[in-house]
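Residues per chain, in single letters:
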There are 2 protein chains.
Amino acid sequence: MGSTGDRIAIDAMGGDYAPEEIVAGAVRASEELGVKVLLVGDPHKIEACLKEHNAGSNLEIVPADSVVEMDEEPLTALRRKPNSSINVATNLVKEGRADAVVSAGHSGASMAAALLRLGRIPGIERPAIGAVLPTQVNGKQVLILDVGANVDCRPKFLEQFAVMGSIYSQHVLGVERPNVGLVNIGEEECKGNELALRAHQLLAENPVIHFAGNAEGRDILSGQFDVAVCDGFVGNVLLKFAEAVGSAMLQVVKEELPKGTRGKIGVTVLKHNLKRIKQRVDHAEHGGGLLLGVNGVCIIGHGSSRAPSAFGAIRLAKAAVESRVIERIQAQYQQSVQQAVASEN
Amino acid sequence: MGSTGDRIAIDAMGGDYAPEEIVAGAVRASEELGVKVLLVGDPHKIEACLKEHNAGSNLEIVPADSVVEMDEEPLTALRRKPNSSINVATNLVKEGRADAVVSAGHSGASMAAALLRLGRIPGIERPAIGAVLPTQVNGKQVLILDVGANVDCRPKFLEQFAVMGSIYSQHVLGVERPNVGLVNIGEEECKGNELALRAHQLLAENPVIHFAGNAEGRDILSGQFDVAVCDGFVGNVLLKFAEAVGSAMLQVVKEELPKGTRGKIGVTVLKHNLKRIKQRVDHAEHGGGLLLGVNGVCIIGHGSSRAPSAFGAIRLAKAAVESRVIERIQAQYQQSVQQAVASEN
């Protein structure tokens, strides 16, 4: 594929399988997606990994001398290690040398670096992490946000998540008129905890989004909602639960299906169909979450990312860059910020 | 099976498929479980259903002249309809004419009736609904509570859920030393929202339970926890989500597996193994939740209960009665109530 001109910076040292698997995913992305990948981290280690591949010219190493470890407190670590890979990678976006930053390392550090270096979009009170899950309807996805950036939320935050999520759903996922659902415990508007009750009102009155009502647990993956908003506590528990239930189910199928002689024969016959089931259900192909609400594209990958996830995260970064989703959110909130400034003067 | 002497009152009019499916489940329970079932509701309708079955003598009809509808406000409805089926059924427990009450109707009304008629166990601040889910480990279950009784919780409530859940796990589910997990967004004790952070401390210091730390979304069904505590908002979303993910996965398997000629052959060969997968994954067999913290056994079934779920709910009621779980919770809290009274004098 020819070059698209997109430049993606990736923290090559971040994640359980870094740098080997991250570099492998980056090599594939540079070849298949036509993007330039900036590999940030220890040059010797990255070079050693690159030697394993027949890497093309669409890759560049940007040196960083340290890594934020998983058990470090994000802000302290970023201050102590100004040349850590996540700091350097995020700075590349700030300085206009990259269009997006991707990391599978410490997610708190990735968020903190994005907030400190790129800053919040004016008008947005709290950035949120959005994650995309497959639904029961083949080919249809749902964007859930927030999945972990804000564990305690005010109703206003959820309203902003809904606006950002709608813009994302429309321009990155290609949904013409995204249906927004509020994650809740009942369909009726009188249902919910304090946060949900007050958020419901704000969502119902917001003219920018299409609010389709409450989404109960059973409705989230039904395909009737394109965007589901909730606080980062609920979203994080849900996301990790969904991933685990998927693997648990595959596990049951793997255990029970080949039992007995008939089982062994049947599984052999069904090999291809079983592979398709795994692909529809497995979450490894989904690259991670997008941090929405900062001035730049920032992808937060799974800590357990291997090459396919790193590739998926870079593909997601490319889609976000090309759809100009950040600029669209900035434009949406520019008006409200200007109005607020005008009313103060 | 011979009679066990247990008497279970069931709201025959409650639920989407009442009274037909409820009566069918009750007839089966009276035969297979050796319990006496008191069918509460419209005598004519119940009799008509009973004629469909070859019902034995272990069934009795208790008349009630109305039903709380799904869209009614619980407290108002219970006041307006003192002879509604849920009120009459709960009263049977209060008056000692039944050992447990089961309903698949309006769950808010069932809870309100239990609170008003049976009352809270002294020392318990908020009753909670516990639901049992299968885990990845075959034969091992996890009790999640609260799944909907309390949408906004204080840390102390979660601590009491953990104590009640441990007693339930030990005596009803037969777990010798139940591992309690706090549903949270990370393993470390510094992780969580305000509620989780404060609940963590209380759980860690409680001498009655065995606290095994935070349970992330991915850990809830791993089999490492026997009891998982959370507020009723998170629990309700999780429970309904789990049920939906299970069906969604079965749906994918059903769609993809028979594709093509090889698919059709394979599915025929694997018929029995597929049935076993459905049984391990399907939630229809699990009868519902137990309301823990009131002075009596009260089972809250699914609104969509059919005969197998009604049967499952009665079986659960029987297990709760025979394990004396309510008396054990009462005894656990009696001491603390006495201490509180003593310190006041």
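It should be noted that the structure appears before, not after, this text.
Residues numbered from 1 in each chain as written. Chains lettered and ligands numbered in written order. Predicted model: local features only at pLDDT ≥ 70, side-chain atom pairs only at ≥ 80, totals over all residues. Heavy atoms only, no water.

Trainee: Got a sec to walk through the relation of the copies chain B and chain A? Specific residues and values, please.
Mentor: Take chain B, turn it by 180 degrees, move it 0.0 Å along the axis, and it overlays chain A with an RMSD of 0.0 Å. Considering both components of the superposition, the chain copies are consistent with a two-fold axis. Considering only C-alpha atoms, the part of chain B nearest the rotation axis is Gly 266 of chain B, at 2.3 Å. Looking at chain B, 100% of its interface residues are interface residues in chain A too, so the copies touch through the same face. (Least-squares fit on C-alpha atoms with pLDDT ≥ 70 in both. Contact = heavy atoms within 4.5 Å.)

Trainee: Hey, could you go over the packing of helix α8 (residues 232-256) of chain A against helix α8 (residues 232-256) of chain B for me, with residue numbers and the actual values?
Mentor: Closest axis-to-axis distance for the α8 of chain A/α8 of chain B pair is 10 Å, and the angle between their directions is 30 degrees. Compared by their axis directions, α8 of chain A and α8 of chain B come out roughly parallel. Seen from above, α8 of chain A lies across α8 of chain B with right-handed handedness. Seen from α8 of chain A, the contacting residues are Phe 233, Val 234, Val 237, Leu 238, Phe 241, Ala 242, Val 245, Gly 246, Met 249 and Leu 250 of chain A; seen from α8 of chain B, they are Phe 233, Val 234, Val 237, Leu 238, Phe 241, Ala 242, Val 245, Gly 246, Met 249 and Leu 250 of chain B. (Axes fitted to C-alpha atoms, helices over the stretch in contact; angles between N-to-C directions. Helix = DSSP H or I, 4+ residues; strand = E, 2+ residues; numbered from the N terminus. Parallel < 35°, antiparallel > 145°, perpendicular 65-115°, else oblique. Left-handed = near helix turned anticlockwise from the far one by under 90°.)

Trainee: Tell me about the interface of chain B and chain A, and please be specific about residues and values.
Mentor: Listed per partner, the contact involves 52 residues of chain B and 52 residues of chain A. A combined buried area of about 5,000 Å² lies between chain B and chain A, and 69% of that area is made up of carbon and sulfur atoms. Remark: the boundary between chain B and chain A carries two salt bridges. Across the salt bridge formed by Lys 240 of chain A and Glu 216 of chain B, the nearest N and O atoms sit 2.4 Å from each other. For the pair chain B and chain A, the number of links is eight residue pairs in polar contact (both at pLDDT 80 or more). (Buried area = accessible area lost by both parts, 1.4 Å probe. Salt bridge = Lys/Arg side-chain N within 4 Å of Asp/Glu carboxyl O. Polar contact = N/O pair within 3.5 Å; in protein donor to acceptor, adjacent residues only side chain to side chain.)

Trainee: An account of the packing of helix α1 (residues 20-32) of chain B against helix α11 (residues 307-322) of chain B is needed here, citing residue identities and associated values.
Mentor: Residue and element names in this part refer to chain B. The geometry of α1 relative to α11 is characterised by a closest axis approach of 7 Å and an angle of 45 degrees between their N-to-C directions. Between α1 and α11, the crossing angle belongs to the class labelled oblique. In terms of crossing hand, the pair formed by α1 and α11 is right-handed. Together, Glu 21, Ile 22, Ala 24, Gly 25, Ala 26, Arg 28, Ala 29 and Glu 32 of α1 and Ala 307, Pro 308, Ala 310, Phe 311 and Ile 314 of α11 make up the contact between the two elements. Residues that form the contact of α1 with α11 fall into these classes: nine nonpolar, one polar and three charged. (Nonpolar A, V, L, I, M, F, W, Y, C, P; charged D, E, K, R; others polar.)

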